[in-house]
Amino acid sequence: LSLKFGDVGNLKGLVIRFLLTTSYYQLSVQNWFSLHKLQLLYNHSIQATFNATRIYAPASYSYHCEHVSSLQRYDALLIPSSANDLSKLWEVTFTDFQIQGFNIQEGHFAYAKDCATFFSPAILMGLVMSLILLLVLAYALHMLIHLKSLDRHYECKASSAYFAQMKDNDMGDEKEPLRSSGNDSDELRNQQFYKIYI
């Protein structure tokens, strides 16, 4: 697949060439295409070659990525093929990149396989928080299962309160006058004590 730009500034006959390959994978039971190399041609000769990594999709799909670049800040999907050629002098970046090499119908892209990874930072943080909450829940359930009843450790006395008398004599208070220095006073002879058990 070639994109011909013609003359751009000092570059005569600028062409960007995409070398695509297709392979059949038995595990997925379908053909997949991949971008193998990207070549920059001008002045009728190949000036730079980049090996493409992780740019692939099922043959019936298209491939889409927000950035396909040789720069590290965009995850460098394009890697210079050799340290000896002029590829290191080029910085290539495609924005909103979409490509489909095979099974094109009516000039429109098919459903796109996106390059976004499943483990984005937001999804990774959500998984970590879920794991922490799951561990807390498991620890709480473990503590509840091993919780022992208080009845096993403490003897529960009578459930209702009752009063026990020390002496079962007469219920009335016997009073006896005291005679001291001419003043009459009463003294409680039979004092009853009560205990409450709960």
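Residues numbered from 1 in each chain as written. Predicted model: local features only at pLDDT ≥ 70, side-chain atom pairs only at ≥ 80, totals over all residues. Heavy atoms only, no water.

**Quick look at the packing of aromatic side chains**
Here's step 1: Counted according to the given criterion, the structure contains seven aromatic pairs.
Here's step 2: Centroid distance W32 to Y56: 6.0 Å. Interplanar angle 50°. Geometry classified as tilted. Linking W32 in strand β3 (residues 30-42) with Y56 in strand β5 (residues 56-58), this pair joins segments that are 24 residues apart in sequence.
Here's step 3: Chaining the aromatic ring pairs together yields one cluster made of F18, F94 and F97. (Phe/Tyr/Trp six-rings, centres within 6.5 Å; stacked < 30°, edge-to-face > 60°. Helix = DSSP H or I, 4+ residues; strand = E, 2+ residues; numbered from the N terminus.)

**As for the side chain of H64**
Here's step 1: Looking at where H64 falls in the secondary structure, it is placed in strand β6 (residues 62-69).
Here's step 2: Residue classification places H64 among the buried residues on the basis of a relative accessible area of 15%.
Here's step 3: Among the polar contacts made by the side chain of H64, one reaches the side chain of D96 at a distance of 2.7 Å.
Here's step 4: Within the local environment of H64, its side chain forms a polar contact with the side chain of D114, the two groups lying 2.8 Å apart.
Here's step 5: Apart from residues no more than four positions distant in its own chain, H64 is found in contact with D96, F97, Q98, A112, K113, D114 and C115. (Buried < 20%, exposed > 50% of the residue type's maximum accessible area, 1.4 Å probe, protein only. Polar contact = N/O pair within 3.5 Å; in protein donor to acceptor, adjacent residues only side chain to side chain. Contact = heavy atoms within 4.5 Å.)

**Description of the sheet that holds strand β8 (residues 93-99)**
Here's step 1: Pairing is mixed across the open sheet formed by three strands, whose spatial order is β8-β6-β9. If you trace the sheet from one side to the other, it starts and ends with β8 and β9 (112-114), each paired once. Each adjacent strand pair in this sheet contributes to an overall mean axis angle of 20°, direction not counted.
Here's step 2: As paired elements, β6 and β8 share six bridges and run antiparallel to each other. Paired with V68 across the bridge in β8 is F94. (Pairing = 2+ DSSP bridges. Axes fitted to C-alpha atoms, helices over the stretch in contact; angles between N-to-C directions.)

**Considerations on the state of the cysteines**
Here's step 1: Taken as a whole, this structure holds one disulfide when the rule is applied.
Here's step 2: Each disulfide pairs two cysteine sulfurs, and for C65 the partner residue is C115, the sulfurs being separated by 2.0 Å. Judged by the torsion about the S-S bond (75°), the C65/C115 disulfide is right-handed. Of the two residues, C65 is situated in strand β6 and C115 in the loop between β9 and α1 (121-145); the sequence distance between them amounts to 50 residues.
Here's step 3: For C65, a relative accessible area of 4% puts it in the buried group. (Disulfide = S-S within 2.5 Å.)

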